[in-house]
Amino acid sequence: MKCVLLLIVLLFAPVIDGQNKPKRIGAIEFYGYAGLDVDEVRAAIPVHEGDLFTTSDDTFFETLNRIKKEIKRVTGSPPSDVAAVCCDPQGNYWIYIGLGNSVRTTPYNPVSEGKLRLPTRIVELYEQTNQLSSELVGKGIASEDRSKGYALSNDASLRAKQLAKRAYALSHELLLRRVLRSSPDPEQRAVAANFLGYARQSRAQIADLVWASHDVDAGVRNDAIRALGVLAESSPKVASQIPPEGFVEMVSSGSWTDRNKAGFLLDELSKRRDPKLLGLLRSRSLDSLIEMARWRGRGHADFARILLGRIAGIEESRLQQLMDAGQVEQIIKAVK
């Protein structure tokens, strides 16, 4: 299956962004806002839809601090997350802000003090693939094949680097697993999680990636869950081996990447419409899914809309028709 890659730029983490030109803000969306006046928050923050916005100069952290300050002034608490995501069909940023009023936290793995490290050339390969992915997303030409259980770009340069990841993972799987579980360095753990997604498919691989989905670092969680989602997409048998419970909780996380990647994975895990999973989604994540389903446009809101439709028992082709027609409230009405 081919799909568009999404470059995620976390405003509460070091920025990875290969695009230096400012982009306009296409939409600003919120989550975790139960009991809050979203319009008041929207009016107070120093960025607005249509503004030029950049993540690559000295004004970035100044803007971030102003956003945090104004949200705390209006709501009494700082935001749980602010994420700028590239790009909408017009090449603009989406900005997602967690207001933290109804978000859920889950326990994270303890950080170990191991000494093992991956070679510098492997870290550089990870950074190079992220940079090239960023550039392709910015040009609107990023697509990939996930049918093998790991991502392979249609771009020849990126594909070659991804195949190099595959070769390394096949011959160094034990080292990747040990670094993932023992390194105190979040970059090392993120690289290990990313490369482990290119290793041989096995229950041990899945177990390590599920474990890493509870890492204290958002970047490690993002790489681990994305790898699980690609694995699940490649095979229903593999999907059935991934326990969904922790990802149901993650749908209500204060972190945008947690919500985004958990939604991506749960879309795959819920395709068989297992009543236990759908019941768990209804009882634990319904309000969060409704918030996200109401985000404008397609793309990031689709996961929530699909999950709500399956909870409601809407037949798959009918659900797709409703989504294509923008009938979000009809989907929400059916699930209540």
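Shown above is the structure to which this text applies.
Here we summarise the structure given alongside this text. Note that residues are indexed from 1 along each chain, following the sequence as it is written. Two thresholds apply to this predicted model, a pLDDT of at least 70 for residue-level local features and 80 or more for giving and counting side-chain atom pairs, whereas whole-chain, interface and lining totals are computed over all residues. Only hydrogens and water are removed before side-chain values are computed, so all heavy atoms of the structure are retained for them.

**What about the packing of aromatic side chains?**
Pairing of aromatic rings covers Phe, Tyr and Trp, the last through its six-membered ring, and needs centres within 6.5 Å; plane angles under 30 degrees mean stacked, over 60 mean edge-to-face, and all others mean tilted. For the structure on display, the rule yields 8 aromatic pairs. Measuring from ring centre to ring centre gives 5.6 Å for Phe 53 and Tyr 93, while their planes differ by 85 degrees; the resulting arrangement is edge-to-face. Of this pair, Phe 53 sits in strand S4 (residues 52-53) while Tyr 93 sits in strand S6 (residues 93-98), and the two are 40 residues apart along the sequence. Seen from their ring centres, Tyr 96 and Trp 295 are 4.5 Å apart, and the 50 degrees between their planes marks the pair as tilted. Linking Tyr 96 in strand S6 with Trp 295 in the loop between helix H12 (275-293) and helix H13 (302-312), this pair joins segments that are 199 residues apart in sequence. By way of ring pairs, the aromatic residues Tyr 31, Tyr 96, Trp 256 and Trp 295 are connected into one cluster. Note on conventions: DSSP H or I runs of at least 4 residues are helices, E runs of at least 2 residues are strands, and numbering of each starts at the N terminus.

**Focus on the pairing of strand S5 (residues 81-86)**
Most of S5 sits inside the fold, with 6 of its 6 residues counted as buried. Being paired, for any two strands, means DSSP has found at least two bridges between them. With 6 bridges connecting them, S5 and S6 associate as antiparallel partners. Bridge pairing in S6 places Val 85 opposite Trp 94. If you look at the hairpin formed by S5 and S6, you'll find 6 residues sitting between the two strands, and Gly 91 has a positive phi there, around 80 degrees. Partly exposed describes any residue whose relative accessible area lies between the buried limit of under 20% and the exposed limit of over 50%, with all areas from a 1.4 Å probe on protein chains only and scaled to the type maximum.

**A few points about empty space enclosed by the protein**
A 1.4 Å probe that fits into a set of points on a 1 Å grid over the protein atoms alone but cannot get out defines a cavity; an open set with protein on both sides within 12 Å along at least five of seven lines defines a pocket, and lining residues are those with an atom within 4 Å of a point. Grid points are joined across faces, edges and corners, and a volume is the space filled by probe spheres set on the points. This model, assessed by the stated rule, comprises 2 cavities of 30 Å³ or more. What the largest cavity holds in volume is close to 80 Å³. Considering the residues around the largest cavity, the lining is formed by Val 251, Arg 259, Asn 260, Gly 263, Leu 289, Met 292, Trp 295, His 300, Phe 303, Ala 304 and Leu 307. Its boundaries defined by the atoms lining it, the second largest cavity holds a volume of some 50 Å³. In terms of residues, the lining of the second largest cavity owes the most to one element, helix H5 (residues 173-182), which gives 3 residues. For the lining of the second largest cavity, the residue count by class is 5 nonpolar, 4 polar and 3 charged. Here the term charged refers only to Asp, Glu, Lys and Arg, the term nonpolar to Ala, Val, Leu, Ile, Met, Phe, Trp, Tyr, Cys and Pro, and the term polar to all other amino acids, Gly among them.

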